[in-house]
Amino acid sequence: MTTEKTGVRPAAGSGIVLLTLAAGQFLMTLDSSVMNVSIATVAEDLGTDVTGVQTAITLYTLVMAMLMVTGGKVGSMIGRRRAFAIGCVIYGAGSLTTALAPNLAVLIFGWSVLEGIGAALILPAIVALVATNFPVEVMAAGAVAIAVGPLVGGACTTYFSWRWVFAGEVVIVVGIPALARRVADSPPGPQPRLDLVGAVLSAAGLGLAVFGVLRSSTWGWVNPREGGPSVLGLSPVVWLVLGGLLVLWLFLTWERHLEASGAEPLVRPSMLSNRQLTGGLVMFFGQYLVQMGLFFTIPLFLSISLGLSALETGVRILPLSITLLIAAAGIPRFLPHVSPRRVVRLGLLSMLAGIVSLLTALDTSASAGIVTVPMLLTRLGIGALASQLGAVTVSAVPDEESAEVGGLQNTATNLGASVGTALAGSILIAVLTTSFLQGIQQNPAVPPAVTSQASVQLAAGAPFVSNADLETALGDAGITGDEATAILDANAEARVDGLRAALFVLALVALLALFAARRVPTRQP
């Protein structure tokens, strides 16, 4: 939108306005980039493992997905600028809690919950406020965070502490509410009412389903793991996912009832009959599922399998993130009339080719260099999708419905990110556990007593650990010589098997997305 369409001029002090909104957008995108390259260090610092940090990453995006549409409605009720400022205060409190977190539980409360709630207020407000102020420049700040986030996180983690990133966020957030007074608020519209029933049902449905996926590596997908919980002979994961889908069906039924009766629903189900809109939302979901799944697994390979520092991991990813920015900005500039469907399909094919090439190159002797070409292809593909999908969804509806579409779009992206991290981590740990146990069981150098003990202790899932850490643990347990070598070899093979399985699932999602791309229009809006 332009300022002429909204009828509101940018506020005086345009430089301060730009800085304020850009800072908010930058922070929203920075956290996940930082946490992914610092997984190993964060896990060690908090006395947890990769699965624990995966849980925090998943819950962060899940909380945003659960509350994004509700946060947009709250912004409409109290004003976008006020929602932006309140969200920043909550987000800052979460950043401070995260910076001081002594364990995983406090990290989840500060980062996943408080920052997630703050982001659910900030992001919808930014969507509306940038239309009044600086749309291109502000959204570019988020793209910059995607590119430099791994490097910032890697440098702080390697030379100082990952906590410094969150402490720095507190400093930035302290100044944003004061500067936010200079931001021109979006024009007032009809005063909406918050659909509390719909808000609870949507949050509960999404939360149950994604939590089920997250716990699948520990509890099992269908059959319960040995020693794990079961409900009617099945893993709780089955009932959580089915329960979540049932609650989401109840949510849509309730929303249809409100829309038919003339009341204001949280989401108007009639919008979902728009083929172009739903096609764009599905593409956003698929893009972020694959993107965040990759951004979870590849840093694990670099930092744990190869033992690279967080900075070295960030340096490996940074140049490839820049190619994403080039594609996202270059395609609209130099090919303004290209078919969106063609660009999206080529982007998906590029992502698929990158994942498959990495999958085939992975083995126990692979070096960090194998990620360069695959990441180049996947980042180019993600950039191609990013160049088209925003316009696809927004142009699918009249201008007065763009704010509602923005809420749905943010929900789709964060839900995809949450499912992608949960699914990739779950598949990785499940396959790693099975492969490791089979590896030591089939190796005569490992005594049956050790194999039996490992089967019991790892029934809920084996940790994704480096050979160096495992060798230290084996030495502490008095296991040395051929026995230790056999276990270390099994661990190295199991890590590769787990990574391959996770990449295979992500490649399958990219392939399925190709079929959904037919809903994307062939002409630019």
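Residues numbered from 1 in each chain as written. Predicted model: local features only at pLDDT ≥ 70, side-chain atom pairs only at ≥ 80, totals over all residues. Heavy atoms only, no water.

Digging into the packing of aromatic side chains
By the definition in use, this model includes four aromatic pairs. Both rings, one in phenylalanine 160 and one in tryptophan 164, keep their centres 4.6 Å apart while their planes meet at 20°; by these two values the pair is stacked. No difference in accessibility class separates phenylalanine 160 from tryptophan 164, as the two residues are exposed. Taking 6.0 Å as the distance between ring centres and 85° as the angle between the ring planes, the aromatic pair formed by tryptophan 162 and phenylalanine 166 counts as edge-to-face. Accessibility assignment for this pair places tryptophan 162 and phenylalanine 166 in one class, buried. We note arginine 215 situated over the ring of tryptophan 219; from NZ or CZ to the ring centre the distance is 4.8 Å. The positively charged end of arginine 379 is found above the aromatic ring belonging to phenylalanine 295, 5.3 Å away from the centroid. (Phe/Tyr/Trp six-rings, centres within 6.5 Å; stacked < 30°, edge-to-face > 60°. Buried < 20%, exposed > 50% of the residue type's maximum accessible area, 1.4 Å probe, protein only. Lys NZ or Arg CZ within 6 Å of the ring centre and 35° of its normal.)

With respect to the nonpolar core
Counting residues in each nonpolar core, the largest one holds 124 residues, and the members touching the most others are Leu107, Leu348, Phe464 and Ile487. With 18 residues, the top contributor of residues to this core is helix α18 (residues 481-516). Discounting chain neighbours no more than four positions away, the residues touching isoleucine 487 are Phe436, Ile440, Val446, Val450, Leu470, Leu474 and Ile479. (Core = buried A, V, L, I, M, F, W, Y, C linked by side-chain atoms within 4.5 Å. Helix = DSSP H or I, 4+ residues; strand = E, 2+ residues; numbered from the N terminus. Contact = heavy atoms within 4.5 Å.)

Quick notes on the environment of valine 173
Among the secondary structure elements, valine 173 is positioned in helix α8 (residues 163-179). Spatially, the C-alpha atoms of valine 173 and serine 95 are 9.1 Å apart, while their sequence positions differ by 78 residues.

A look at the confidence of the model for the protein chain
Atomic detail in the predicted coordinates should be set aside for any region of low pLDDT. Residues of the protein chain with pLDDT of at least 70 account for 85%, and the chain-wide mean is 83. Confidence over residues 132-142 falls short of pLDDT 50; this stretch has 32 contacts with residues more than four positions distant or in other chains. (pLDDT = per-residue confidence, 0-100.)

Quick word on the packing of helix α13 (residues 340-361) against helix α14 (residues 372-394)
α14 packs onto α13 with a crossing angle of 155° between their chain directions and a minimal axis gap of 7 Å. Classed by the angle they form, the pair α13 and α14 counts as roughly antiparallel. Note that α13 runs across α14; the crossing there is left-handed. Contacts from Pro340, Val343, Val344, Gly347, Leu348, Ser350, Met351, Ala353, Gly354, Ile355, Ser357 and Leu358 in α13 reach Pro374, Leu377, Thr378, Leu380, Gly381, Ile382, Ala384, Leu385, Ser387, Gln388, Leu389 and Val392 in α14. (Axes fitted to C-alpha atoms, helices over the stretch in contact; angles between N-to-C directions. Parallel < 35°, antiparallel > 145°, perpendicular 65-115°, else oblique. Left-handed = near helix turned anticlockwise from the far one by under 90°.)

Re the packing of helix α11 (residues 275-305) against α14
It is the contact of α11 with α14, at a shortest axis distance of 10 Å, that shows an interaxial angle of 155°. Taken together, the axes of α11 and α14 are roughly antiparallel relative to one another. Where α11 crosses over α14, the handedness of that crossing is left-handed. Seen from α11, the contacting residues are Gln276, Leu277, Gly280, Leu281, Met283, Phe284, Gln287, Gln291, Leu294, Phe295 and Ile298; seen from α14, they are Met375, Thr378, Arg379, Ile382, Leu385, Ala386, Leu389, Gly390, Val392 and Thr393. Grouping the amino acids of the contact of α11 with α14 by side-chain chemistry returns 13 nonpolar, seven polar and one charged. (Nonpolar A, V, L, I, M, F, W, Y, C, P; charged D, E, K, R; others polar.)

Here's the deal with the side chain of threonine 70
By secondary structure assignment, the location of threonine 70 is in helix α4 (residues 50-78). Sequence-distant contacts of threonine 70, defined by excluding residues within four places in its chain, comprise Leu194, Ala199 and Leu266.

Focus: a nonpolar patch on the surface
Together, Val231, Leu232, Trp239, Leu242 and Leu245 line one region of the surface with nonpolar side chains, adding up to about 510 Å² of accessible area. With respect to the helices and strands, leucine 232 occurs in the loop between α9 (196-219) and α10 (236-260). (Patch = residues over 30% accessible without salt bridge, like charges linked within 9 Å, V, L, I, M, F, W, Y side chains within 5 Å. Areas by Shrake-Rupley, 256 points an atom, 1.4 Å probe, with all protein chains shown as cover. Salt bridge = Lys/Arg side-chain N within 4 Å of Asp/Glu carboxyl O.)

Re α9
Between the first and last C-alpha of α9 there are 32 Å, a value that for 24 residues agrees with the 34 Å anticipated at 1.5 Å per step. A maximum bend of about 30° is found in α9 at valine 213. (Expected span 1.5 Å × (residues − 1). Bend = angle between axes of the 7 residues up to and from the residue.)

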